[in-house]
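Each chain, written out:
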Amino acid sequence: MEETYTQINQLKPNLFFPIVKGKVTAKSNLRSYNKGSNSGEYFNFELKDISGRINGITYITDHFAKLQEGKTYRLSKIIIRENNFSGKKQNEIYLHEKSIIEEQDDLKELSIEEKYVDLETALKQNNVTLDVTGIIGEIEEEQNLQTKTGTMKKRTAKIKDSKGNGIDIILWKEATNEIKQEDLGKTIFIKQVKLGTYMGNKQLTYMWNSKITKQEKDNIPANTETRKQTEHGKNEEEKAEKLDEVKTGAEKEEEPEGTATEDEKEEAKKEKTKAGKKKSKVVKNIGRKAGQKWHKKNQQFNRKKAKYLKNKNISSLKLV
């Protein structure tokens, strides 16, 4: 009997030990934590199936070697809990010491097409994690910032599109090497980047599970400025060709067989004047007849009014 798995988009905190199968698409390094008397190490991972993706966390360091990025696993005896990740509540997988991790064949049904949104679509959102594409416009030099825990590297780059939209992406620590000066002008595809607002401006932040893929300038997709300019040039050429065709056709048109004589022109002018006078006369007649008709009706009304007042013995009222 075929085993039933819970799809990732159906995972909820109230499920009792669901079984899930998915591909590990990202895994962080081991990180240290120190909370009061508790200290140790943990790592995050991202699991994906045909329905979606979910983040996971474990404090069991033995699980680190069991989960490899790019491989498919069956996870059982797991706990689904709610986490306030970056100010937004999300479900996550929690692996404890009794959780079971089993490697599976990389099944085709787990292969999902990546869908990236453009900047215009991305900028309409806020406080979300998404996959976005654009063109690398500006790259700042790497900075070394002093923090409570030591020195931290930071780099800011500008991502733009052909419509004039632009947004900064912030890279921290080792991620500062993901974008370098030689990448200027390349098309970039950023997976699982956080879009938020800082000091009133929207910005992208490179996260532990973010991934960057770059495309050379010669292979820029159809929605970039280069393709737009090429299509504009083709349209201008087509317009010029059509204009030439119209001019050529006009030159090929035959001249009229003859022109009107002076007598014919004079006769046409008289006919036009005569037609104008006739039209004016018709209009005057219509106006005169309408006035006569109104005057006649007004007289009839006054006679009826006078007769009515006489019958009522109202002689003091003046007729109109």
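What you see is a predicted model, and the numbers here were worked out from it, not measured in a lab.

*Asks:* Please clarify how the overall build of the protein chain should be interpreted in this entry.
*Replies:* The secondary structure content of the protein chain amounts to 3 helices and 15 strands. Relative to its full complement of 320 residues, the protein chain shows a buried share of 28%. Long-range pairs, those at least 24 residues apart, make up 59% of the contacts in the protein chain with a sequence separation of at least 6.

*Asks:* I tried to follow the confidence of the model for the protein chain on my own but got confused; where do I start?
*Replies:* If pLDDT is low for a region, its predicted coordinates should not be looked at in detail. Counting all residues, the mean pLDDT for the protein chain is 79, and 70% of those residues have values of 70 or more. Every residue in residues 218-234 scores below 50 in pLDDT, and together they form 16 contacts with partners more than four places removed in sequence or on other chains. The model gives residues 315-320 a pLDDT under 50, and that stretch makes 5 contacts with residues more than four places away or in other chains.

*Asks:* Where do I start with the side chain of D161 in this structure?
*Replies:* In this fold, D161 is placed in the loop between strand 11 (150-160) and strand 12 (166-172). Of the side chains with opposite charge, K163 comes closest to the buried, unpaired D161, at an N-O distance of 6.3 Å. Within the structure, D161 has its side chain in polar contact with the backbone nitrogen of K163 (distance 3.0 Å). Polar side-chain contacts of D161 include one of 2.9 Å to the backbone nitrogen of N165. Each residue touching D161, except ones within four places of it in the same chain, is listed here: L119 and E120.

*Asks:* Even after reading the chapter, I still don't get the nonpolar core, so can you show me in this structure?
*Replies:* One broad trend across soluble globular proteins is that nonpolar side chains are buried collectively. Ranked by internal contacts, the top residues of the largest apolar core, which has 21 residues, are V132, I169, I179, I190 and L204. Considering each element in turn, this core owes the most residues, 5 residues, to strand 9 (residues 128-139). Those residues in contact with I190 that lie beyond four places of it in its chain are Y116, L130, D131, V132, I169, L204, K211 and I212. Listed in part, the 16 residues of the second largest apolar core include V20, L67, Y73 and I93.

Conventions and cut-offs
Residues numbered from 1 in each chain as written. Predicted model: local features only at pLDDT ≥ 70, side-chain atom pairs only at ≥ 80, totals over all residues. Heavy atoms only, no water. Helix = DSSP H or I, 4+ residues; strand = E, 2+ residues; numbered from the N terminus. Buried < 20%, exposed > 50% of the residue type's maximum accessible area, 1.4 Å probe, protein only. Contact = heavy atoms within 4.5 Å. pLDDT = per-residue confidence, 0-100. Lys, Arg positive; Asp, Glu negative; His and termini not counted. Salt bridge = Lys/Arg side-chain N within 4 Å of Asp/Glu carboxyl O. Polar contact = N/O pair within 3.5 Å; in protein donor to acceptor, adjacent residues only side chain to side chain. Core = buried A, V, L, I, M, F, W, Y, C linked by side-chain atoms within 4.5 Å.

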